[in-house]
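# Observations on the three-dimensional arrangement
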Amino acid sequence: MKIAILTSGGDAPGMNVAIRAAVRYGIKKGHEFYGVQNGFYGLVNNDFIELDHKRMSGIISMGGTFLRTARFPEFSQEENIDKALQNLESRGIEGLIVIGGDGSYRGALHLSRRGFKVITIPGTIDNDIYGTDHTLGFHTALDTVVDAMDKLRDTSVSHQRCSIIEVMGRTCGDLALYAALSGGAEFLVTPENPISKESIIERLKQYKRDDRTHAIIVVTENMINVHEFAKEITEKSKFTSVATVLGYIQRGGSPSAQDRILGTRMGAFAIDLFEQGIDNVAIGIENDRLIYLPIDIVVSNKRRLNPLYKLVAEVS
Ligand code: F6P
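Residues numbered from 1 in each chain as written. Predicted model: local features only at pLDDT ≥ 70, side-chain atom pairs only at ≥ 80, totals over all residues. Heavy atoms only, no water.

The subject of this paragraph is the pairing of strand 8 (residues 215–220). In terms of residue burial, strand 8 counts as a mostly covered element, since 6 of its 6 residues are buried. Neither face of strand 8 is left uncovered, since the one carrying Ala215, Ile217 and Val219 and the one carrying Ile216, Val218 and Thr220 both have all their residues buried. Pairing between strand 6 (residues 161–167) and strand 8: 6 bridges, direction parallel. Looking at strand 8, one finds that Ser163 is bridged to Ile216. Relative to strand 8, strand 7 (residues 187–189) runs parallel, the two being bridged by 3 bridges. What sits directly across from Val189, in strand 8, is Val219. In this region the chain leaves strand 7, passes through helix 7 (residues 197–209) and returns to the parallel neighbour strand 8; the handedness of that crossover is right-handed. (Buried < 20%, exposed > 50% of the residue type's maximum accessible area, 1.4 Å probe, protein only. Helix = DSSP H or I, 4+ residues; strand = E, 2+ residues; numbered from the N terminus. Pairing = 2+ DSSP bridges. Right-handed = clockwise from strand over helix to strand, strands pointing away.)

If you want it as structure tokens, here you go:
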């Protein structure tokens, strides 16, 4: 079978690992591979390269995606879907592996609705995809955030400050939640846990009365203006507060061992599924077991509230 692979949306550490595993595992089973550069944009604009065993050499430790990526919402236009299908079919390609997040899954769905065989792998630091406990790249980004938090704690303790850390996640608070637990944050503000600024300030006043010397607040992006909130805390409580927006640093870096294992398992699993005649599915991992669900089910469902929220209040 001729199989193409693309990465789309925000890059995530581990994308290269999944490509490598699919290609090397698939070649051993007699399949041929193409990489599509620049995601769905490249699919429409005929930007294909051949992938062989050697091309996969040295990419296991590389962050980002060597196939490059793009955001291309225009893919939903009928003429673009037509062009993509023509480009795939003119090469005799029968299957496509899409590695990305929610938007990429919607792109994949356009192709599968037209009868093309697609399998998706969840690649995003946001951990916001239904039907998987973890997305590829999430744990590496989490390690990056926790490393930053440890450093910010050092300076917060030294200056007896309150440090606000804004992390990515789009509309999902998982990165902030796991970081708050791993980094020992005092407060967590996420879309799923939107505690008010006033209640944080009141508790900070109490902290001062209790002689607590510093505090860390982890906030998911798009929730509040963290710089203004830092000013407000400084004005209204006895804590001097500073804000740090971690930004794109969270997306880069060499994939963690956990993401390398996950990417390897998911990449090889995609080939197993094609071989079993299963397609138009999204791969996930649940209780350490690889699973798959129809892509439209994954796209149209929301994740349940993470049970770890119960722990946050208990350990802060
Ligand atoms: O989806 C990954 C992500 O990094 C989100 O956390 C963030 O909101 C978004 O991408 C940023 O997107 P862009 O790279 O287009 O600015």
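Often, the extent of an interface is quoted as the loss of accessible area on bringing the components together. Per the domain assignment, the segments of the protein chain are domain 1 (2–137 + 255–299) and domain 2 (138–251). Each side of the interface is counted separately: domain 1 has 17 residues, and domain 2 has 14 residues. Regarding the contact of domain 1 and domain 2, the summed buried area is about 1,300 Å², with carbon and sulfur atoms giving 47% of it. Three residues, Ile125, Asp126 and Asn127, lead the burial of domain 1 against domain 2; their summed loss comes to 40% of the area buried on that side. In this structure, the connection of domain 1 to domain 2 is made through 2 salt bridges. The closest approach of N and O atoms between Asp126 and Arg170, which form a salt bridge, is 3.8 Å. Split by residue class, the side of domain 1 that touches domain 2 holds 4 nonpolar, 8 polar and 5 charged. (Domains from an automatic or database assignment. Contact = heavy atoms within 4.5 Å. Buried area = accessible area lost by both parts, 1.4 Å probe. Salt bridge = Lys/Arg side-chain N within 4 Å of Asp/Glu carboxyl O. Nonpolar A, V, L, I, M, F, W, Y, C, P; charged D, E, K, R; others polar.)

Here we come to the packing of aromatic side chains. Evaluated as defined, the whole model comprises 6 aromatic pairs. Centroid distance Phe138 to Tyr178: 5.0 Å. Interplanar angle 90°. Geometry classified as edge-to-face. Residue Phe138 is located in helix 5 (residues 138–159), and its partner Tyr178 is located in helix 6 (residues 174–183); the two are separated by 40 residues in the primary sequence. By the burial criterion, Phe138 is buried, and Tyr178 matches it. Between Arg91 and the ring centre of Phe48, over which it is positioned, the NZ or CZ distance is 4.1 Å. Positioned over the ring face of Phe239 is Lys208, at 4.4 Å from the centre of the ring. (Phe/Tyr/Trp six-rings, centres within 6.5 Å; stacked < 30°, edge-to-face > 60°. Lys NZ or Arg CZ within 6 Å of the ring centre and 35° of its normal.)

This brings us to helix 5. If you check helix 5, its first and last C-alpha atoms are 31 Å apart, about what 22 residues at 1.5 Å a residue would give, namely 32 Å. Among the residues of helix 5, those classed as buried are Phe138, His139, Thr140, Ala141, Leu142, Val145, Val146, Ala148, Met149, Leu152, Arg153 and Ser156. The secondary structure elements touched by the buried residues of helix 5 are strand 6, helix 6, strand 8, strand 9 (240–245) and helix 9 (257–275). Positive phi appears at Gln160, one or two residues downstream of helix 5, with a value of about 55°. (Expected span 1.5 Å × (residues − 1).)

In terms of residue burial, strand 10 (residues 281–286) counts as a mostly covered element, since 5 of its 6 residues are buried. Sheet topology note: the strand 5 (residues 117–122)/strand 10 ladder contains 2 bridges and is parallel. Within strand 10, the position partnered with Thr120 by the bridge is Ala282. For strand 10 and strand 11 (residues 289–294), the ladder comprises 6 bridges, and the chain directions are antiparallel. Residue pairing across strands places Ala282 opposite Leu293, the latter belonging to strand 11. Between strand 10 and strand 11, which follow one another and run antiparallel, lie 2 residues, and Asn287 among them has a positive phi close to 50°.

Moving on, we come to the packing of helix 1 (residues 15–28) against helix 9. The geometry of helix 1 relative to helix 9 is characterised by a closest axis approach of 7 Å and an angle of 40° between their N-to-C directions. Here helix 1 is positioned oblique relative to helix 9, judged by the angle of their axes. The handedness of the crossing between helix 1 and helix 9 comes out as right-handed. Across the interface between the two elements, Val17, Ala18, Ala21, Ala22, Tyr25 and Gly26 of helix 1 pack against Arg260, Gly263, Thr264, Gly267, Ala268, Ile271 and Asp272 of helix 9. Split by residue class, the contact of helix 1 with helix 9 holds 7 nonpolar, 4 polar and 2 charged. (Axes fitted to C-alpha atoms, helices over the stretch in contact; angles between N-to-C directions. Parallel < 35°, antiparallel > 145°, perpendicular 65-115°, else oblique. Left-handed = near helix turned anticlockwise from the far one by under 90°.)

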